[in-house]
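A look at the structure
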Amino acid sequence: MLTIRNLHARVAGREILRGIDLSIRFGEVHAIMGPNGSGKSTLARVLAGHPEYEVTAGEVTFEGEDLLAMDPETRARIGVFMAFQYPVEIPGVNNAYFLKAALNTVRKHRGEEELDAMEFMTLVRDRMKQLDMDEDFLNRPVNDGFSGGEKKRNEIFQMAVLEPKLAVLDETDSGLDIDALRVVASGVNAMRNADRSFLVVTHYQRLLNYIVPDVVHVLSDGRIVRSGDKALALELEDKGYGWLEQAVGSPVRELR
Amino acid sequence: MSTPTETVEQLASRDYKYGFYTDIEHEMAPRGLSEEIVRLISAKKQEPEWLLEWRLHAYRTWLTMKEPTWGNVTYGPIDYQNIIYYAAPKKRPVLQSLDEVDPEIRRTFEKLGIPLDEQKLFSGVAVDAVFDSVSVATTFKEKLAELGIIFCSFSEAVRQHPELVRKYLGTVVPYSDNFFATLNSAVFSDGSFAYIPKGVRCPMELSTYFRINARETGQFERTLIVAEEGSYVSYLEGCTAPMRDENQLHAAVVELVALDNATIKYSTVQNWYPGDKDGKGGIYNFVTKRGKCAGVNSKITWTQVETGSAITWKYPGCILQGDNSIGEFYSVATTNNRQQADTGTKMIHLGKNTKSTIVSKGISAGHGQNTYRGLVRIAKGAVGAHNYSQCDSLLIGDKCGAHTFPYLEIRNSTARVEHEASTSKIGEDQIFYSRQRGLSTEDAVNMIVSGFCKDVFRQLPMEFAVEAQKLLSISLEGSVG
Ligand SMILES: Nc1ncnc2c1ncn2[C@@H]1O[C@H](COP(=O)(O)OP(=O)(O)OP(=O)(O)O)[C@@H](O)[C@H]1O
Ligand SMILES: [Mg+2]
């Protein structure tokens, strides 16, 4: 469903992604690991269409369409979701109101009826229960005053309501306590199906015990330096990233 | 791909849809200001001698005054001799009924969404329509009269109820008050008058709709509302003007008087032409509005949504004279492109246990400059007075500015005064986050802005809250970043 070819991207005048190739088929879960600063969040943001990130070469197709030609909201509406590594606070805007507006624009784009307040609440209550969330969250401003873990959980909650086709989860596990990690992982697993794919960015093999990936990639200095099955994550846990850099014969910190 | 900042700017430069001009014949006074002009205006309106005298006092006082320069706004010199102080649509016999309103004018108001047709109006809203210097129609007059409520144009009030006008005119804003109020006192043309008798709760919103149409004229309207003991009234004013390259002066005065246990709610949705995106043209909105809570337990609430005008200079205030009286000020002021606003309130606590609340929300976009200026004065005798002020600024983009000048003068040690202030910015990250969830930039900005303003919008009558919300999103269109 998603094909990335030779993707190069820069931000603030610096090239961060330096030739990424990656294909995700319907129903697959891919994990991306890699050292700090290697470009994992950059990849996620480029897929989501963040205006600060400039694609300098390569292409990305999503269900056969040129994803890079679309503005961020169109990407969201056709089913690309990104859970932010650092979810943004929007003081003054009610969480439920925000999510309802988002859901209805997505539904409209899909040619579905907009949900009224009652229908929306029914859906939302169900998802909140699944994620073991307090209904208080609905009436608070978006992410405003949320703890780090609450923000992450809110991202997954939004995903569960919006039901995207491709979900890019950027370090959603960081900052979650052990119980929350389980709840969030089971929320993700409940959404796994033959038509929905996930790209999961994480530093911890532990998450992959819960959300078992089909493929694990290692990103280093803007390139995928190794791909493998879930065993690769275990190996990384063991050995760190150093051995991979030597294996591909290019130092991680190669000069641009 | 456009950046959020560009999008915000496009939003900001969106068209002013009330900018059309109605081609009708005007009867105009000669250009300039002199004693003869003051006499001419008074004569046109067939005013009694005392009112002419009052105007002339004001005029002579004005000659000795200097235009204030303390406002945090900049504009070129105003040539007061190059303004036309009186313009009225021609062909204007005294109207016996609404059906006689000139069809051109009727169409103008219809285009503005104000049908002068009682059946078509929002039910429950009586409208006084002021076109340049004169009131052209007032709806629901008879119905209100049954309750003893007087709602008519100011000129008509002078003719029909001179004793009431004489008793209250200038008692809240004296003719010597300030440069613009004094100018208004000399040359005021028309405006609305409302009188709510003792114990009556006005069953509908009273509203005045001001329209500047003629070229090179100033609008100097005067509004007076008197709420007798135990009465209640909610009043709303709206305003628009055609798009013009030259600046036009609007210097109004509004006086409110609330007697014992009376309540007046005064709401403004101000949408004068703001000028183009480079700051050419637009209305100078230099207005004096003040209410006196003369009686015990009386209450005056000012709510304003200021989206238009090139320059706004106004401080609707309350004199809290009666014991236990309450003054409130809720304001949303937006400045976009080259607009400037210096606005706020004055709360003067004189009586015991008087209370005031100030909620000011300033939104700046483009190159807009937004200043909150507020005075809270607690007099010696104001035992147990309490003020709460909250001033929040929201910035869109990085070329605009927000400024806050709170002044406190406290002469009684039992007073409690609380002040909170904040400045926030619509960040690109907030916009991107919203877009990633499927919302357009515009929707995201509107959502953030209306969240920011909701404490003020809550104060507006329902229909107008919706209008105000729309107006706000229009005036900020093109402004994200
Ligand atoms: N907006 C930006 N402006 C300047 N530099 C940026 C920006 N975004 C990313 N970078 C730089 O790009 C590089 C890759 O950053 P990115 O956030 O993609 O790393 P990451 O792999 O997600 O790291 P982490 O594991 O710490 O989250 C870093 O050196 C970072 O400083
Ligand atoms: Mg990251």
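Residues numbered from 1 in each chain as written. Chains lettered and ligands numbered in written order. Predicted model: local features only at pLDDT ≥ 70, side-chain atom pairs only at ≥ 80, totals over all residues. Heavy atoms only, no water.

A word on the overall build of chain B. When its secondary structure is counted, chain B shows eleven helices and 23 strands. Counting every position in chain B, which comprises 481 residues, the buried fraction comes to 64%. For chain B, the computed accessible surface area is about 17600 Å², with 49% contributed by carbon and sulfur atoms. (Helix = DSSP H or I, 4+ residues; strand = E, 2+ residues; numbered from the N terminus. Buried < 20%, exposed > 50% of the residue type's maximum accessible area, 1.4 Å probe, protein only. Areas by Shrake-Rupley, 256 points an atom, 1.4 Å probe, with all protein chains shown as cover.)

A separate point is unusual backbone geometry. Peptide bonds are trans in most cases, and residues, glycine excluded, mostly fall at negative phi. Residue and element names in this part refer to chain B. The backbone phi angle of Gln46 is positive, close to 50 degrees, even though this residue is not glycine. Tracing the chain through its elements places Gln46 in the loop between α2 (35–44) and α3 (49–63). Of note, Asn353 is a non-glycine position whose phi angle comes to about 50 degrees, a positive value. Looking at where Asn353 falls in the secondary structure, it is placed in the loop between β18 (340–349) and β19 (355–364). The class for Asn353 is partly exposed, based on a relative accessible area of 44%.

Residue and element names in this part refer to chain A. Coordination of the magnesium ion (ligand 2) by the protein comes from Ser41 (OG) and Gln85 (OE1), over a distance range of 1.9 to 2.1 Å. Of the two residues, Ser41 is situated in helix α1 (residues 40–48) and Gln85 in the loop between β6 (80–83) and β7 (90–94); the sequence distance between them amounts to 44 residues. Taken individually, Ser41 and Gln85 each receive the classification buried, so the pair is uniform in this respect. (Donors = N, O, S within 2.8 Å, 3.2 Å for Na, K, Ca; no water.)

Residues and elements named next belong to chain B. In the structure shown here, the tally under the stated rule is zero disulfides over all chains. The thiol of Cys391 is unpaired, and the distance to the nearest cysteine sulfur, on Cys453, comes to 14 Å. In this structure Cys400 is a free cysteine whose sulfur lies 14 Å from that of Cys453, the closest cysteine sulfur available. Classification of Cys400 by relative accessible area gives buried; the value is 13%. (Disulfide = S-S within 2.5 Å.)

Quick look at the packing of aromatic side chains now. The description of an aromatic ring pair uses the distance of the two centres, along with the angle that the planes make with each other. Per the stated rule, a full pass over the model turns up 23 aromatic pairs over all chains. With a centroid separation of 5.5 Å and 75 degrees between ring planes, the pair formed by Trp62 of chain B and Tyr80 of chain B is classed as edge-to-face. Taken together, the residues Trp62 of chain B in helix α3 and Tyr80 of chain B in the loop between α3 and β2 (87–89) connect sequence positions 18 residues apart. Of the aromatic side chains, those joined through ring pairs into one cluster are Trp62, Trp70, Tyr75, Tyr80, Phe179, Phe180, Tyr284, Phe286, Trp313 and Tyr315 of chain B. Directly above the aromatic system of Phe137 of chain A lies the positively charged group of Arg140 of chain A, at a separation of 5.6 Å from the ring centroid. The side chain of Arg437 of chain B reaches across the aromatic face of Tyr433 of chain B, ending 4.7 Å from its centre. (Phe/Tyr/Trp six-rings, centres within 6.5 Å; stacked < 30°, edge-to-face > 60°. Lys NZ or Arg CZ within 6 Å of the ring centre and 35° of its normal.)

Residues and elements named next belong to chain A. In the vicinity of ligand 1 there are 18 residues, among which Lys40, Ser41, Thr42, Tyr53 and His203 approach most closely. Between ligand 1 and Gly39, the relevant distance is 3.0 Å, taken from an oxygen atom to a main-chain nitrogen or oxygen of the residue. Surface burial for ligand 1 is 71%, taken as the share of its 630 Å² of free accessible area covered by protein chains. Going through the elements one at a time, β2 (14–24) and α1 are the ones with two or more residues in the shell around ligand 1. Classifying every residue of the shell around ligand 1 gives five nonpolar, eight polar and five charged. (Near = heavy atom within 4 Å. Polar contact = N/O pair within 3.5 Å; in protein donor to acceptor, adjacent residues only side chain to side chain. Nonpolar A, V, L, I, M, F, W, Y, C, P; charged D, E, K, R; others polar.)

Residue and element names in this part refer to chain B. When you tally the buried positions in strand β6 (residues 192–196), you get five out of five residues, the bulk of the element. When β6 meets strand β8 (residues 222–227), the two strands line up parallel, connected through four bridges. Within the sheet, the bridge partner assigned to Phe193 lies in β8 and is Leu224. (Pairing = 2+ DSSP bridges.)

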